[in-house]
Amino acid sequence: MKNYKFINTVTGWLVFIVAAIVYLMTIEPTTSFWDCGEFITTSYKLEVGHPPGAPFFMILGRFFTLFADSSNAAMMINALSALASAFTILFLYWTITHLAQKLVDAENEFSMGQAIGIIGSGVVGALAYAFSDTFWFSAAEGEVYASSSLITAIVFWAILKWENVADQPQANRWIILIAYLMGISIGVHLLNLLAIPAIVFVYYFKKYKATRNGIIASLAISLVILGVIMYGIIPGVITIATWFELMFVNGFGLPFNTGTIIYAILFIGLIVYGIHYTTKKNLVLWNTVLVAFTVIVIGYSSFAMIVIRSSANTPMDQNSPDDVFSMLGYLNREQYGDRPLVTGQYYNTPLNPQNPYVDTKPYYIQKDGKYVISDIRQKPQYDSRFTTFFPRMYSSQAQHIQDYKSWAGIEGKTVQITNRQGESETIKLPTFGENLRFFVRYQVVHMYLRYFMWNFAGRQNDIQGHGDIVNGNWLSGIDFIDSIRLGDQTNLPAKYANNKARNTYFFLPLLLGLIGVFFHYQRNKKDMWVVSLLFLLTGLAIVVYLNQYPHQPRERDYAYAGSFYAFAIWIGLGVIALSETLKKWMPETVSAIAVSAISLVLVPGVMASENWDDHDRSGRYTARDFGANYLNSCEENGIIFTNGDNDTFPLWYNQEVEGVRTDLRVCNLSYLQTDWYIDQMRRKAYESEPLPITFTEDQYVQGNRDVVYLMNDPRIKGAVELKKALDFVKDDNPKTKLSQADNASYIPSKRLFLKVDKEAVIKNGVVPKSEYDMIEDTIFFNFENKNYITKDELMVLDMIANSEWKRPIYYAITVGRDKYLGLQDYFRLDGLAYRFTPVKSKQDGIYFGRVNTDKMYEHMMKDFKWGNMNDPDVYIDENNQRMMMNIRNNFNRLAESLIEENKTDSAINVLNRSMELIPSEVVPYNYFSLKLAENYMAAGALEKGQEVMRDIFSSYKEEMDYYLSLDYKYLVSVDEEVQRLMYFMREMGVTASKYKLDDFSKEISDSFNSYYQSYSTLN
């Protein structure tokens, strides 16, 4: 076919257009939850995000935002992901057609049938990946994974282009391009580096005759190259810079950064000389190596953006990497700790009794013209007698230990240890077999193969699963197969059956891909092993490297997109396999057209149809609006404490990008444990004045007052005044330190108090006039149940002590109670944030503090925006549902408070608004929904309350009927849910009796007894 090359090129661009249109139609129009708000913010204003940073992505994102105003900046960065994903599909198409060409027997040029089969392979494989669950998810949001996938696609395509021209004199320019892209990829995400072994094998198979020793050597070389980049170039270039910096600043007394500048000059000079020398001497191999190294470094140099912007003290400046020492820690992600990989501890391996902690890296700060060590990081040293090879169960968190035991069925082996007190103790360590069982069951099957099957067999729903049969599993749509794994699928409760992410492909993508694998192996073993390397190293190798603990905070399928990309190649090759096979029984052209058309409909067609509704984020503004609502809950010049990604990043996005409430200061308590973040909080940002932190930099720098111990000194009677306690902590006098704990700071009392300046409270409008008589004279802090406070808690106490009631202090409603310092009885709910006030109220059941009903009603009913969350056409995933449950609880809390104030009409309006915004079809009822029905009845709307309660009861019955219909082996995995529902049902019976709904109460009681009897029999 003479026009094949032209048609192949045009078809690739048509596939790109299809993908681009789909992605641009389905992107989220503004920020999303998790890291997107941070990435959009850092791109829009070139600020410094979390380690190890993504400077090249920032630059790309900033370029895209040049074409939009602040309100559309997020959409433009989401469009960057959409277009990057579409280009990934383009290069995937060309990759598939390149590999497919080698699988057909063509003499001079392709026949019509062969050309159609090859192009059909590319279209089907590329679109199958385009409409796959994981890849489409990343294509619709402003995250790094779409851009990362694009670089992976280009480098893999580029090595195949090199393969075509390998014998030509200038072929190595493709190698240099690949090296440059690898360097750039470091500034996006490191996942791309895992394509290196596949690239090396393409080179090896083209240049050398394949032998066993050659294959082993090539694999070793590829891993060495990967290691050199990951552990040599990335940290090594900066590590050497730290040596020069120390020598020239501390050794020779020169200004800061002198050593770094001299090192940079020498480094560049040596590279230039090396390239010149190898060119002059015609050392082709070494010249290629040097040039490749150079372009990697040039690509890597995007990280200079991080240092430059950090030096400008941007409002978001995470880790403050403005010198080579902090930059090295930033690149190494030192704030996240590490995990054992080759050898290490089990979750209950004891520390070495003689040497439990060892010093590792010093922490340098700039002081008096030199670099001074303020802290030396320590690493736990475990008793080597009880460590293991290939440790998989290492986390000592209680939840993780419980999950380890569940996943691995741990019985353990009994060993005798000597604890740190020198006493003999018996513990049960996991066996190595149990260690491997956890690896296979959880890390491989649950955290990889489950995601793989999501993409190529089908998905049960978008509710995160932790091993039970009803949430987050893969699903094929073939009932007898699914029922064997997950129990009967014909009588599912509505909340599962109607989940938009219930997508079934009937194994069709998987089967077509497996056909492609076998055909690839049969026709071209070398290429098959190359694709296999890409598949394994971006899949199972990541599983081994990540060594994930159970109960991850969210699904992690995005980490394995490269592996799914490789399998999509085989899906495409499955088309040419079927076409080549069927031509034995029908005309070649007919078989190619038939196979391509049928495959297009049954694989990408089915995937697009099934996945559209749960990947279409158009019209969803929840993350943006929820973030703005948190900010707008606060009074002017306030401080709002947050703690997690989803209650921080949307707020940052609103302030930094859209300019919402820049008078407020968002203070992340997780970060407040670090000196660099405290530095930032002590600086002015936009209209927000510095936070009232009186500790000086020397007093909170890392290594100083990271933990402050709490002790009851018998010489001190009663509580200690807060400011005096803080002054005691600030004092560097050795008499104020604990000599037995390395001179650590401490507070000599577990009871503190703060005298309340009532005049300041009234003057600053902290409480309304109606509460003037309720202002406390003294606020007490009771830490009897604590032995120490952390640096973030110390800083919060300092702010409270020194705010003098001039700046409102708030906690976001999503902050956990463990961060409240026991002050929750002084909280007042003003919207989506609790304000700290000097008025005390008693805890009432599940609630604490009190409600400012006037202000909260104004916020919840009029001021706040809700992101189109009640639009039935807008996809609300589990993460959004969790946020909406918090909002439903807030509406309930407001309604209950209005009822207590005899404002029943307003309470009913609030409840109606809650039902309108958060329908049960979108966010299923839970235990707290019962308060919704009860509040209706308490407000006098008995019929409405009964209606809601009956709806809740029906949903409970539907779930219980389903669970109890399951065989016992399936019921075990949902046992906790069954017990929870029975508890809810019993509480509902109490509520029905309270409001004299006798018939309904009896119906509930009868159902409960029936379910209880059935459940008891099964157990």
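Criteria and cut-off values
- Residues numbered from 1 in each chain as written.
- Predicted model: local features only at pLDDT ≥ 70, side-chain atom pairs only at ≥ 80, totals over all residues.
- Heavy atoms only, no water.
- Helix = DSSP H or I, 4+ residues; strand = E, 2+ residues; numbered from the N terminus.
- Patch = residues over 30% accessible without salt bridge, like charges linked within 9 Å, V, L, I, M, F, W, Y side chains within 5 Å.
- Areas by Shrake-Rupley, 256 points an atom, 1.4 Å probe, with all protein chains shown as cover.
- Salt bridge = Lys/Arg side-chain N within 4 Å of Asp/Glu carboxyl O.
- Lys, Arg positive; Asp, Glu negative; His and termini not counted.
- Charge placed at Lys NZ, Arg CZ, Asp CG, Glu CD.
- 1 Å grid on protein atoms, 1.4 Å probe; cavity = no way out; pocket = protein on both sides within 12 Å on 5 of 7 lines; lining within 4 Å.
- Points joined across faces, edges and corners; volume = space filled by probe spheres on them.
- Nonpolar A, V, L, I, M, F, W, Y, C, P; charged D, E, K, R; others polar.
- Phe/Tyr/Trp six-rings, centres within 6.5 Å; stacked < 30°, edge-to-face > 60°.
- Buried < 20%, exposed > 50% of the residue type's maximum accessible area, 1.4 Å probe, protein only.
- Lys NZ or Arg CZ within 6 Å of the ring centre and 35° of its normal.
- Contact = heavy atoms within 4.5 Å.
- Core = buried A, V, L, I, M, F, W, Y, C linked by side-chain atoms within 4.5 Å.
- Pairing = 2+ DSSP bridges.

### Section: unusual backbone geometry
Looking along the chain, the bond that leaves Pro-51 and enters Pro-52 is cis, with omega of 0°. By the secondary structure assignment, Pro-52 is in the loop between helix 2 (36-45) and helix 3 (55-65). A positive phi angle, close to 50°, is found at Arg-661, a residue other than glycine. Relative to the helices and strands, Arg-661 resides in the loop between helix 25 (649-656) and strand 10 (665-668). The phi dihedral of Asn-743 falls on the positive side, at around 55°, and the residue is not glycine. Here Asn-743 is to be found in the loop between strand 13 (737-738) and strand 14 (744-747).

### Some remarks on a negative patch on the surface
On the surface, Glu-921, Glu-943, Glu-947 and Asp-951 cluster together to form a negatively charged patch. Mapped onto the elements of the fold, Glu-921 is located in the loop between helix 33 (904-917) and helix 34 (929-938).

### Quick notes on empty space enclosed by the protein
Counting across every chain of the model gives 8 cavities of 30 Å³ or more. In this model, the largest cavity occupies a volume close to 470 Å³. Lining the largest cavity are 28 residues, with Trp-34, Phe-137, Arg-459, Asp-877 and Asn-879 sitting closest to its centre. For the lining of the largest cavity, the secondary structure elements donating two or more residues are helix 6 (133-139) and helix 32 (878-900). If you tally residues by element for the lining of the largest cavity, the top one is helix 32, at 4 residues. When grouped by side-chain class, the residues that make up the lining of the largest cavity number 7 nonpolar, 5 polar and 16 charged. Considered as a void within the structure, the second largest cavity measures approximately 160 Å³ in volume. When contributions to the lining of the second largest cavity are tallied by element, the ones reaching two or more residues are helix 7 (145-164) and helix 22 (561-582). No other element matches the 4 residues that helix 7 contributes to the lining of the second largest cavity. Residues that form the lining of the second largest cavity fall into these classes: 12 nonpolar, 6 polar and no charged.

### Structural notes on the packing of aromatic side chains
Evaluated as defined, the whole model comprises 86 aromatic pairs. Relative to Phe-205, the ring of Tyr-204 has its centre 5.5 Å away and its plane inclined at 50°; by these criteria the two rings are tilted. Of the two residues, Tyr-204 and Phe-205, neither departs from the other in class, the shared state being buried. Seen from their ring centres, Tyr-927 and Phe-928 are 5.5 Å apart, and the 65° between their planes marks the pair as edge-to-face. Judged by relative accessible area, Tyr-927 falls into the partly exposed class, the value being 23%. Taken together, the ring pairs connect Tyr-448, Tyr-451, Phe-452, Trp-454, Phe-456, Phe-535, Tyr-560, Phe-564, Phe-567 and Trp-570 into an aromatic cluster. It is Arg-459 that lies over the ring of Trp-454; its NZ or CZ is 3.6 Å from the centre. A cation sits over an aromatic face here: Arg-950 above Phe-1000, 4.2 Å from the ring centre.

### Regarding helix 2
With 9 of 10 residues buried, helix 2 lies mostly within the body of the structure. By the burial criterion, the buried members of helix 2 are Cys-36, Gly-37, Glu-38, Phe-39, Ile-40, Thr-41, Thr-42, Ser-43 and Tyr-44. Buried residues along helix 2 sit in contact with helix 3, helix 4 (73-101) and helix 25. Phi turns positive, to about 50°, at Leu-46, one or two residues after helix 2.

### Let's talk about the nonpolar core
Among the nonpolar cores identified, the biggest contains 172 residues, and Tyr-23, Ile-89, Tyr-129, Tyr-300, Phe-452, Ile-569 and Leu-573 are the most heavily contacted of them. Not counting the four nearest positions on each side in its chain, Leu-573 is found in contact with Ile-96, Leu-99, Ala-100, Leu-103, Gly-516, Phe-519 and His-520. In terms of nonpolar packing, the next biggest core, distinct from the first, is built from 142 residues, Leu-754, Val-796, Phe-848 and Phe-864 among them.

### Describing the sheet that holds strand 15 (residues 751-755)
Taken together, 3 strands build an open sheet; the order of strands is 12-15-16 and the sheet is mixed. Looking at the sheet topology across the chains shown, the edges are occupied by strand 12 (720-721) and strand 16 (778-782). Pairing of strand 15 with strand 16 involves 5 bridges; the strand directions are antiparallel. Of the residues in strand 16, the one forming a bridge with Leu-754 is Ile-779.

### Digging into the layout of surface pockets
By volume, the second largest pocket is sized at about 980 Å³. Taken together, 28 residues make up the lining of the second largest pocket; nearest its centre are Ile-175, Val-200, Ile-221, Ile-225 and Val-289. Among the elements of the structure, helix 8 (172-186), helix 9 (196-207), helix 10 (212-251) and helix 12 (284-300) are those that each provide at least two residues to the lining of the second largest pocket. The leading source of residues in the lining of the second largest pocket is helix 10, at 9 residues. Tallied by class, the residues present in the lining of the second largest pocket amount to 24 nonpolar, 4 polar and no charged.

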